[in-house]
Amino acid sequence: MSFPFSAAPDRKSFTALIAFVLLLIAAVFLQATVGGKQVALLIVGAALGLTLYHAAFGFTSAWRVFIKERRGAGLRAQMVMLAVAVVLFFPALGAGTLFGSPVTGLVAPAGVSVIFGAFIFGIGMQLGGGCASGTLFTVGGGNARMLITLLFFIIGSLIATHHVDWWFSLPSFPATSIVKTFGVVPALVFSLALFALIAFITVKLEKRRHGALQTPVISEHVGLRRFLRGPWPLVWGAIGLALLNYATLALAGRPWGITSAFALWGAKVASGLGVDVGSWVFWQVPANAKALAAPVWEDITTVMDIGIMIGALLAAGLAGRFAPSLKIPVRSMVAAVIGGLLLGYGSRLAYGCNIGAYFSGIASGSLHGWLWLVAAYIGNVAGVRIRPFFFAGERQPVVLTGW
């Protein structure tokens, strides 16, 4: 047996092999129990995990670096990702079909629950150490602390499902898609102009603070070796995530989401422990009731989430960076607990996370995606101010300024 770029088996090769075997087992199981489409979604999830890991495409760190240091490369990469996504998504959503199959966007009401949910989600990003996608790919990559964040992310999501009927009754604008309201071309022009404006602002603020834009780090690997081992340029990650979200739209009939699976996992466990979650209003919605009654491997989001973790494990193995450590400072552990709860609770109130509400919401032309972006950014600013209490290395004066 041969191993990539190695004359003999070593830990990184073994880790990559384990990830590949797990992916193969999961694919065979899904093919036998659900079907080929679910296998394809598992593979898309794995590709997302590999892309997130190799490009180090973290929404949380990108926002923190911009808030603290005015370095905007991460935010600009997000604008590239969104620009590619809307160019792909809007024509399909306007037509209502993609490759002959019906598709629909993730469009939700924009109101008080979104504002509050996204705000506390933003705080949770900075305390938990990741967003929804960041939590999954860092867990897959071997970050033991993020297992704590994920556990309490699930618990927070479950708790929120017991309360969301009250939150959703608060004032809000109806679910609005700018694609349906204004048409594909005007919606594209509006969205691309906003992405360009945000990118322009990050450039101006970064140059004002530092005099010039930060020079990208040059990788020691090139060509196929760099593709397999990383690290990737941020723009590779941005384009890759947009293309894979488009693949999700084609296969699942709706864009990429993450956190609905966390609520489902929590509800399954709670139900097994005797909690009557089926009586909660959230789980009486037909789609949610169906998911709760069905095996988890029939849930699209669950399958893709598992794929993300396996893909990140594969990437970490190929990069030789899979090295879990259980040495977690107490304050950091407490931050993971609080952050996870805020992430889980906030994502349900806001109709999604940085993926389902922000990325896929904006890619769907939903106004709630833009509201989520503003509220979550403010939450991140608050989270950056709170972080030094929990993380010793950040206990120094932080100068924060507005846009």
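Reading the values: rules and limits
- Residues numbered from 1 in each chain as written.
- Predicted model: local features only at pLDDT ≥ 70, side-chain atom pairs only at ≥ 80, totals over all residues.
- Heavy atoms only, no water.
- Helix = DSSP H or I, 4+ residues; strand = E, 2+ residues; numbered from the N terminus.
- Rg over C-alpha atoms; globule rule 2.2 N^0.38 Å.
- Contact = heavy atoms within 4.5 Å.
- Lys, Arg positive; Asp, Glu negative; His and termini not counted.
- Charge placed at Lys NZ, Arg CZ, Asp CG, Glu CD.
- pLDDT = per-residue confidence, 0-100.
- Phe/Tyr/Trp six-rings, centres within 6.5 Å; stacked < 30°, edge-to-face > 60°.
- Buried < 20%, exposed > 50% of the residue type's maximum accessible area, 1.4 Å probe, protein only.
- Lys NZ or Arg CZ within 6 Å of the ring centre and 35° of its normal.
- Core = buried A, V, L, I, M, F, W, Y, C linked by side-chain atoms within 4.5 Å.
- Patch = residues over 30% accessible without salt bridge, like charges linked within 9 Å, V, L, I, M, F, W, Y side chains within 5 Å.
- Areas by Shrake-Rupley, 256 points an atom, 1.4 Å probe, with all protein chains shown as cover.
- Salt bridge = Lys/Arg side-chain N within 4 Å of Asp/Glu carboxyl O.

## Looking at the overall build of the protein chain
Phase 1 of the analysis: Of regular secondary structure, the protein chain possesses 18 helices and 4 strands.
Phase 2 of the analysis: Its C-alpha radius of gyration of 20 Å places the protein chain within 12% of the 22 Å reference for a compact globule of 403 residues.
Phase 3 of the analysis: Overall, the protein chain is about 55 × 55 × 45 Å in size when its C-alpha atoms are taken along their principal axes.
Phase 4 of the analysis: Of all intrachain contacts in the protein chain linking residues separated by at least 6 positions in sequence, the fraction that spans at least 24 positions is 81%.
Phase 5 of the analysis: Averaging the locations of the 27 positively and 10 negatively charged side chains of the protein chain gives two centres separated by 10 Å.

## Re the confidence of the model for the protein chain
Phase 1 of the analysis: For the protein chain, per-residue confidence averages 92 on the pLDDT scale, and 93% of positions sit at 70 or higher.
Phase 2 of the analysis: Per-element averaging of pLDDT across the protein chain places helix α11 (residues 223-229) at the bottom with 74 and helix α5 (residues 112-128) at the top with 98.
Phase 3 of the analysis: In the predicted structure, residues 1-9 sits below a pLDDT of 50 and forms 10 contacts with residues beyond four places in sequence or in another chain.

## Observations regarding the packing of aromatic side chains
Phase 1 of the analysis: Evaluated as defined, the whole model comprises 22 aromatic pairs.
Phase 2 of the analysis: An angle of 70° between the planes, with centres 6.5 Å apart, marks the rings of Phe 99 and Tyr 246 as edge-to-face. Taken together, the residues span a long stretch of sequence, with Phe 99 in the loop between β1 (97-98) and β2 (101-102) and Tyr 246 in helix α12 (residues 234-252) at a distance of 147 residues.
Phase 3 of the analysis: Residue Phe 99 is classed as exposed on the basis of its relative accessible area, which comes to 69%.
Phase 4 of the analysis: Judged by its relative accessible area of 19%, Tyr 246 is buried.
Phase 5 of the analysis: Seen from their ring centres, Phe 121 and Phe 153 are 6.3 Å apart, and the 70° between their planes marks the pair as edge-to-face. Taken together, the residues span a long stretch of sequence, with Phe 121 in helix α5 and Phe 153 in helix α7 (residues 144-161) at a distance of 32 residues.
Phase 6 of the analysis: Taking relative accessible area as the criterion, Phe 153 reaches 0% and is therefore assigned buried.
Phase 7 of the analysis: Clustering of aromatic rings is evident, with ring pairs tying together Phe 57, Phe 59, Trp 63, Phe 121, Phe 153, Phe 262, Trp 265, Tyr 358, Trp 372 and Tyr 377.
Phase 8 of the analysis: Its end group placed over the ring of Phe 66, Arg 70 keeps NZ or CZ at 4.8 Å from the ring centre.
Phase 9 of the analysis: Cation over ring: Arg 331 sits above Phe 389, and NZ or CZ is 4.5 Å from the ring centre.

## Looking at helix α3 (residues 59-69)
Phase 1 of the analysis: All of the buried residues in α3 are Phe 59, Thr 60, Ala 62, Trp 63, Arg 64, Phe 66 and Ile 67.
Phase 2 of the analysis: Elements in contact with the buried residues of α3: α4 (73-95), α5, α6 (132-140), α10 (184-210), α17 (354-363) and α18 (367-390).
Phase 3 of the analysis: Of the residues one or two after α3, Arg 70 is the one with positive phi, at around 65°.

## A closer look at the nonpolar core
Phase 1 of the analysis: Phe 57, Trp 63, Trp 256, Ile 258, Tyr 358 and Trp 372 are the most contacted members of the largest nonpolar core, which has 83 residues in total.
Phase 2 of the analysis: Of all the elements, α4 adds the most residues to this core, at 12 residues.
Phase 3 of the analysis: If we skip the residues at most four places from it in the chain, Ile 258 touches Ala 132, Ser 133, Leu 136, Thr 301, Asp 305, Ile 308, Cys 353 and Ile 355.
Phase 4 of the analysis: Of all hydrophobic cores here, the second largest spans 16 residues; its members include Ala 160, Ala 263, Leu 292 and Leu 349.

## Some words on a nonpolar patch on the surface
Phase 1 of the analysis: Judged by side-chain polarity, Val 80, Leu 224, Phe 227, Val 235, Trp 236, Ile 239 and Leu 243 come together as a nonpolar surface patch covering roughly 600 Å² of accessible area.
Phase 2 of the analysis: Looking at the nonpolar patch, the elements with two or more residues in it are α11 and α12.
Phase 3 of the analysis: Per-element accounting of the nonpolar patch gives the leading share, 4 residues, to α12.
Phase 4 of the analysis: Tracing the backbone shows Phe 227 in helix α11.
Phase 5 of the analysis: The class for Phe 227 is partly exposed, based on a relative accessible area of 41%.

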